[in-house]
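# Coordinate inspection notes
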Amino acid sequence: MKYICSFVLLILFSCNQKETLTNNEILEKGIEKHDPNNEWESANINIHIQEPRISNPERYSIVKLNNKNGSFELHRNREKSVSKHIIDENGVSKTFLDNQISTDSLLIKKYRLDPKRNFGYKRFYQLLLGLPMSLQNEKFYLKENVEEVFFNHQNAYKLSLELEKPMFSKNWNLYFSLNDFTLLGIEVVFPEDKNKGERLFFDGEMKINAMSIARTRHWYELDNTYAGSDIIIKKLK
C-alpha cells in the first residue's frame, strides 16, 4: 500500500512541476503567439500612427511597410508641412517636403530630410512594429539566463539579448507574459550606465490578418519619467 501511495504522490508532484523553458523556446512561443501563420515575412502594413512626444505632442505619421518587396514609406507632419521618406523596392531612397525635393540645408537638417536617414527610419518601424517576429531579421545573441519578474502589471519571462547592430543600444530586455507569451514590452539598457535607457510598455492589440501587434507603446525613462507614446489610430487601405 505504501508503494501505491508513494507512486501517487510522485505523479502528483510531477504534474505540479512547472515546465522549464529555455530562452529560445520562450522566444519561439512568443513569435508563434503573435504570428501563428508566419505572415510577417510577406506582410504589407499601412497604418496611421499618433506619436506624441514631450517636445512634440502633435506628431502624426503614416507608415507603409512592405516586407515582401522591401519598400517603405513614412509620411510625417512637420509643422505646416509634410515630409515623405521613401525607399522603393530597388532600395532607392528619396525624401520630399511638400512633394518637392528640398535643397535648403537648414530645412534638411531641421526636418531630417537626408535620404540616407530613411534606412534608419525603416529599421526603427520595422523592428518595433514587428516585435517579436522582426527579431528574425536581426543578428543577435540571446543570453542564456531567463528570469521570472513582474512587468507591466503581469508576471513575465525576462529575456536579455545583444543586437549585433544597435538600435539605441545593443542591449535589450524582452518581457513575455508567463500566461500566454504575449510580448508585454521591452527595455533598452546600457550596462555601463544603469540610469540610462528606456522602458516601453505595450498595450492593446492590432490585428493584421492573423498577426497581432501592439496597438500602443508607451515610452518611459528608466526612472519612470514619461517620454511619449506610439498609438496606432487605424489601418489604411
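Above this text you will find the structure in question.
This text gives an overview of the structure that appears in the document.

Reading the values: rules and limits
- Residues numbered from 1 in each chain as written.
- Predicted model: local features only at pLDDT ≥ 70, side-chain atom pairs only at ≥ 80, totals over all residues.
- Heavy atoms only, no water.
- Pairing = 2+ DSSP bridges.
- Helix = DSSP H or I, 4+ residues; strand = E, 2+ residues; numbered from the N terminus.
- Expected span 1.5 Å × (residues − 1).
- Buried < 20%, exposed > 50% of the residue type's maximum accessible area, 1.4 Å probe, protein only.
- Arc of directions from axis to C-beta.
- Salt bridge = Lys/Arg side-chain N within 4 Å of Asp/Glu carboxyl O.

## Focus: the pairing of strand β1 (residues 44-50)
As paired strands, β1 and strand β2 (residues 60-66) are joined by seven bridges and run antiparallel to one another. Bridge pairing in β2 places Asn44 opposite Asn66. The pairing of β1 with strand β14 (residues 226-235) spans four bridges and is antiparallel. Its bridge partner lying in β14, His48 is registered against Lys234.

## Topic: helix α2 (residues 23-34)
With 12 residues, α2 extends 17 Å from end C-alpha to end C-alpha; this agrees with the ideal 16 Å at 1.5 Å per step. Every buried residue of α2 is listed here: Asn23, Ile26, Leu27, Gly30, Ile31 and His34. For α2, the buried positions fall inside an angular range of 135° around the axis, keeping them on one side. In this structure, α2 carries Glu28 and Glu32 as exposed residues pointing more than 90 degrees from its buried face.

## Brief notes about the pattern of salt bridges
All chains considered together, the criterion is met by 11 salt bridges. The shortest N-O distance in the salt bridge between Asp230 and Arg53 comes to 2.7 Å. Of the two residues, Asp230 sits in strand β14 while Arg53 sits in the loop between β1 and β2, which places them 177 residues apart along the sequence. Relative accessible area serves as the criterion here: at 3%, Asp230 is assigned to the buried category. Close ionic contact of Asp230 with Arg217 constitutes a salt bridge, the shortest N to O distance being 2.9 Å. In this pair, Asp230 is assigned in strand β14 and Arg217 in strand β13 (residues 216-221), connecting sequence segments 13 residues apart. For the pair shown, Asp230 and Arg217 are each scored as buried. Linked through salt bridges whose partners overlap, the residues forming this network are Glu51, Arg59 and Arg76.

So yeah, pure geometry; function would need other evidence.
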